Amino acid sequence: QVRLVESGGGLVQPGGSLRLSCAASGSIFSIVAMGWYRQAPGKQRDLVATITSGGSTNYADSVKGRFTISRGYRKNTAFLQMHSLLPEDTATYYCNTDYGAGLAAWGQGTQITVSS
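Numbering of residues starts from 1 in each chain and follows the order in which that chain's sequence is written. Per-residue local features of the predicted model are confined to residues with pLDDT of at least 70, and side-chain atom pairs are confined, for both listing and counting, to 80 or more; whole-chain, interface and lining totals are unaffected and use all residues. For side-chain calculations, the full set of non-hydrogen atoms in the structure is used, while hydrogens and water are omitted.

**Some thoughts on the packing of aromatic side chains**
Part 1 of the argument: In this scheme Phe, Tyr and Trp rings, the latter by its six-membered ring, pair at centre separations within 6.5 Å, and the angle between planes marks the pair as stacked below 30 degrees, edge-to-face above 60, and tilted otherwise. For the coordinates displayed, the defined rule picks out 1 aromatic pair.
Part 2 of the argument: Relative to Trp106, the ring of Tyr37 lies with its centre 5.0 Å away and its plane at 70 degrees, an arrangement referred to as edge-to-face. Taken together, the residues Tyr37 in strand 4 (residues 33-39) and Trp106 in strand 10 (residues 103-106) connect sequence positions 69 residues apart.
Part 3 of the argument: In our convention, an over-ring charge means Lys NZ or Arg CZ found within 6 Å of a ring centre and within 35 degrees of that ring's normal. Directly above the aromatic system of Phe79 lies the positively charged group of Arg19, at a separation of 4.1 Å from the ring centroid. Runs of E in the DSSP output that reach at least two residues are strands. Runs of H or I that reach at least four are helices, and both are numbered from the N terminus.

**A few points about the sheet that holds strand 1 (residues 3-7)**
Picture the strands of a sheet paired through backbone hydrogen bonds; they go either parallel or antiparallel.
Part 1 of the argument: With antiparallel pairing, 4 strands are arranged side by side in an open sheet as 1-3-8-7. On the outer flanks of this sheet lie strand 1 and strand 7 (67-71), each paired with one strand and no other. Averaged over all pairs of adjacent strands, the angle between strand axes in this sheet comes to 15 degrees, irrespective of strand direction. Two strands qualify as a pair provided DSSP detects at least 2 bridges between them. Only the stretch in contact is used when fitting a helix axis, every axis being a line fitted to C-alpha atoms; angles between N-to-C directions are given from 0 to 180 degrees.

**Thoughts on the pattern of salt bridges**
Part 1 of the argument: Any carboxyl oxygen of Asp or Glu that lies within 4 Å of a side-chain nitrogen of Lys or Arg is treated as forming a salt bridge with it. Scanning all chains against the criterion turns up 3 salt bridges.
Part 2 of the argument: Put simply, Asp89 and Arg66 hold a salt bridge, and the shortest N to O gap is 2.7 Å. Within this pair, whereas Asp89 is found in the loop between strand 8 (77-82) and strand 9 (91-100), its partner Arg66 is found in the loop between strand 6 (57-59) and strand 7, the two being separated by 23 residues in sequence.
Part 3 of the argument: Buried residues are those whose accessible area, probed at 1.4 Å on protein chains only, stays under 20% of the maximum for their type, while exposed residues exceed 50% and partly exposed ones sit between those limits. For Asp89, a relative accessible area of 1% corresponds to the buried category.
Part 4 of the argument: When its relative accessible area of 13% is taken as the criterion, Arg66 is described as buried.

Structural data, given as structure tokens:
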């Protein structure tokens, strides 16, 4: 059974930084890409950033220049370094792994609150 474990959320002041981590386990398939998505109350879940197994990255316009996604030495891990956080970054952040052929998994979510 695929399992994604996220960590690193919390409360931070505007302008602050946080780093999210995601570790995937339990799949017999290779990971094609990993990503982070977020969902604010009453809103849909939106893409934040993705990274492929080859290292190609994609970011939402709203986080470009502030967030950086990376893969760990162990390719089943991903990180999201966030700087210059804004109140509108407040959301539940979900890790996603894409195994291709329509197969994907989601983490349980970690809450980030940006507030003074």
